[in-house]
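Here is how the chains run, residue by residue.
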Amino acid sequence: MTDPRHAAAHPLPAEWGRTPLTVVMPTYNEAQNLPTMAETLMALPLEGLRLLVVDDNSPDGTGTIADQLADKYNEPGEGGRTRMGVLHRTAKDGLGRAYAAGMERAVAEGAAYVLQMDADGSHPAEKITEMLGVALATGADVVVGSRYVPGGTLSDAWKPHRKLLSRWANAYAGGILGTRVRDITGGFNLWSAAALRAIGLASVDSAGYSFQVETKYRALRAGFTLVEVPIHFEDRTAGESKMDLAVQLESVAMPWRLRSRALRGRAAGRRGR
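The rules behind each value
Residues numbered from 1 in each chain as written. Predicted model: local features only at pLDDT ≥ 70, side-chain atom pairs only at ≥ 80, totals over all residues. Heavy atoms only, no water. Helix = DSSP H or I, 4+ residues; strand = E, 2+ residues; numbered from the N terminus. Buried < 20%, exposed > 50% of the residue type's maximum accessible area, 1.4 Å probe, protein only. Contact = heavy atoms within 4.5 Å. Areas by Shrake-Rupley, 256 points an atom, 1.4 Å probe, with all protein chains shown as cover. Core = buried A, V, L, I, M, F, W, Y, C linked by side-chain atoms within 4.5 Å. Pairing = 2+ DSSP bridges. Right-handed = clockwise from strand over helix to strand, strands pointing away. Axes fitted to C-alpha atoms, helices over the stretch in contact; angles between N-to-C directions.

A.B. asks: Can you break down the overall build of the chain residue by residue, with the values?
C.D. replies: Along its length, the chain carries nine helices and nine strands. A burial count over the chain gives 51% of its 273 residues as buried. Contacts spanning at least 24 positions in sequence make up 80% of the contacts within the chain whose residues lie at least 6 apart. Of the roughly 12900 Å² of accessible surface on the chain, a fraction of 52% belongs to carbon and sulfur atoms.

A.B. asks: Report on the nonpolar core, specifying residues and quantitative values.
C.D. replies: Counting 36 residues, the largest nonpolar core has Leu 21, Leu 41, Leu 49, Leu 51, Leu 115, Met 117 and Ile 128 as its most contacted members. Once residues within four sequence positions are removed from consideration, Leu 49 is found in contact with Leu 21, Val 23, Leu 41, Met 42, Leu 44, Arg 83 and Ile 128. Ala 98, Ala 106, Val 144 and Met 254 belong to the second-largest nonpolar core, a separate cluster that totals 35 residues.

A.B. asks: Lay out the pairing of strand 1 (residues 21-27) with the relevant residues and their values.
C.D. replies: Among the seven residues that make up strand 1, seven are buried, leaving the element largely enclosed by the rest of the structure. Burial of the side chains of strand 1 extends over both faces: Leu 21, Val 23, Met 25 and Thr 27 are buried on one face and Thr 22, Val 24 and Pro 26 on the other. Sheet analysis places strand 1 next to strand 2 (residues 49-55), joined by seven bridges and oriented parallel. Within strand 2, the residue paired with Thr 22 across the bridge is Arg 50. For the segment spanning strand 1, helix 2 (residues 34-42) and strand 2, crossover handedness is right-handed.

A.B. asks: Now, about the pairing of strand 3 (residues 84-88): what can you tell me, with residues and values included?
C.D. replies: Taking burial as the measure, the five residues of strand 3 include four buried ones, the bulk of the element. Relative to strand 3, strand 2 runs parallel, the two being bridged by five bridges. Across the sheet, the residue bridging to Leu 51 is Met 84, located in strand 3.

A.B. asks: Provide a residue-level description of helix 8 (residues 211-221), including the pertinent values.
C.D. replies: Most of helix 8 sits out of view: nine of its 11 residues are buried. Among the residues making up helix 8, those that are buried are Phe 211, Gln 212, Val 213, Glu 214, Thr 215, Lys 216, Tyr 217, Arg 218 and Ala 219. In the segment just after helix 8, Gly 223 is the residue with positive phi, at about 95°.

A.B. asks: Describe helix 2, with residues and values.
C.D. replies: Of the positions making up helix 2, those classed as buried are Leu 34, Met 37, Ala 38, Thr 40, Leu 41 and Met 42. Check the buried side of helix 2 and you find it contacts strand 1, strand 2, helix 3 (62-73) and helix 5 (128-138).

A.B. asks: Kindly report on the environment of Leu 95, identifying the contributing residues and their values.
C.D. replies: Structurally, Leu 95 can be placed in helix 4 (residues 95-108). Overall, Leu 95 belongs to the partly exposed group, its relative accessible area being 21%. Between the alpha carbons of Leu 95 and Gly 208 there is a distance of 4.9 Å; along the sequence they are 113 residues apart. If we ignore the near neighbours within four places in the chain, the residues touching Leu 95 are Pro 26, Ala 207, Gly 208, Tyr 209 and Gln 212.

A.B. asks: Describe unusual backbone geometry, listing the residues and the values that go with them.
C.D. replies: The general pattern is negative phi for most residues beyond glycine and trans for most peptide bonds. The phi dihedral of Asn 29 is positive, around 60°, even though this residue is not glycine. When you line up the elements, Asn 29 lands in the loop between strand 1 and helix 2. One non-glycine residue, Asn 57, lies in the positive phi region at around 55°. Relative to the helices and strands, Asn 57 resides in the loop between strand 2 and helix 3. Assessed through its relative accessible area of 49%, Asn 57 is described here as partly exposed.

A.B. asks: So, the sheet that holds strand 1: which residues are in play, and what are the values?
C.D. replies: Strand order in the open sheet formed by seven strands is 3-2-1-4-7-5-8, with mixed pairing between adjacent strands. Both edges of this open sheet fall to strand 3 and strand 8 (226-230), since each of them pairs with a single strand only. Neighbour-to-neighbour, the strand axes of this sheet turn through a mean angle of 20°, independent of strand direction. Where strand 1 meets strand 4 (residues 113-116), four bridges bridge the pair, whose relative direction is parallel. Directly across from Thr 22, in strand 4, lies its bridge partner Val 114.

So this is what it looks like as structure tokens:
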């Protein structure tokens with residue numbers, strides 16, 4: 001876990017730091033990781049930051065731990081700040097659906113920006129300040145924490161075949177969809193509330209990791225600006241990956257489904273002229 005004090009090296013203007021920003025963090029059996037992640041986020045120099053944990057009824061008690069952490073970090077009293085919330089879902093229903101539920105909740109509760117972040121420590125929390133700063137300075141509606149732009153790096157714990165598979169997945173999805181996004185499969189993304197409203201989270205088809213591809217593609221198709229900033233992606237040190245065969249198959253099929261839908265839309269548009 002990166003020391004959150006590193007984030008203070010490039011602080012934002014005070015007004016920018018008060019921007020309502022909700023970090024949406026889906027969890028399933030992340031009891032070992034969540035307390036450290038919450039502590040790291042709460043230490044960032046962002047007064048407007050709030051953490052929303054979306055727990056899919058984890059058997060290891062992650063949901064209970066999330067409630068305890070919320071009690072710890074939320075300020076008491078009628079005027080106290082709510083720094084952390086927990087959305088309890090009744091079953092494990094896929095990463096994409098967990099993200100969609102959390103992001104919809106965050107926007108409804110007044111977030112100006114929403115950041116997707118894994119609970120396993122793979123995403124560098126100290127980059128959140130920079131990502132928010134990039135969005136505010138450039139007007140970009142999507143800022144991607146990218147492993148594959150210059151300066152981006154992968155964990156040394158990743159074996160060569162895993163690195164190759166990740167690069168292939170990005171080239172595969174990007175090639176089919178015709179985008180120039182270097183890390184279209186990446187899950188460390190900052191979104192403006194306007195972009196999330198426009199892409200229609202409730203209608204996103206992806207249940208698993210292909211949610212990352214589908215939402216970015218929808219945003220680009222809708223004309224929103226996307227910027228990538230380099231990150232170091234670390235391997236998880238505790239818990240297990242949730243990438244099963246069904247998720248992998250969905251990730252393979254989804255780019256073709258999105259492209260087919262886009263082509264049908266263009267054909268219908270030409271017929272309507």
